[in-house]
Amino acid sequence: MGTTRYEFRVDGRLSEEARKAFVDMQTSEAPLQTVIHGEVLDESHLHGIIAQFQTLGLTLVSVHPIP
């Protein structure tokens, strides 16, 4: 897979705890969602990020690679 930038969108706003879990990524707020984007090293890393959303109880709305 190689390193690829991804955009993740979750419902609502991130708590301070959740922001710390994604310290290597940038976050911004959109209406009713939070956008998180950054480098994903490989498929295993991508699955780990998605698992982290689940662990934190966040609702993942979308995941897209950024060209």
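Residues numbered from 1 in each chain as written. Predicted model: local features only at pLDDT ≥ 70, side-chain atom pairs only at ≥ 80, totals over all residues. Heavy atoms only, no water.

Q: When you look at unusual backbone geometry in this model, what are you seeing that I'm missing?
A: A negative phi angle characterises most non-glycine residues, just as the trans form characterises most peptide bonds. At Leu32, a residue that is not glycine, the phi angle is positive and equals roughly 65 degrees. Tracing the backbone through its elements, the reader meets Leu32 in the loop between strand E2 (26-30) and strand E3 (33-40). (Helix = DSSP H or I, 4+ residues; strand = E, 2+ residues; numbered from the N terminus.)

Q: Can you help me understand the packing of aromatic side chains in this one?
A: Any pair of aromatic rings gets described here by the distance separating the centres and the angle formed by the planes. Tallied over the full model, the rule gives three aromatic pairs. With a centroid separation of 6.1 Å and an interplanar angle of 25 degrees, the aromatic rings of Tyr6 and Phe8 are classed as stacked. Residues Phe22 and Phe53 carry aromatic rings whose centres are separated by 4.7 Å and whose planes lie at 25 degrees to one another, so their mutual orientation is stacked. On the criterion of sequence distance, the pair formed by Phe22 in the loop between helix H1 (16-21) and E2 and Phe53 in helix H2 (residues 43-55) is long-range, its members being 31 residues apart. Residues Phe22 and Phe53 agree in their burial class; the two are buried. (Phe/Tyr/Trp six-rings, centres within 6.5 Å; stacked < 30°, edge-to-face > 60°. Buried < 20%, exposed > 50% of the residue type's maximum accessible area, 1.4 Å probe, protein only.)

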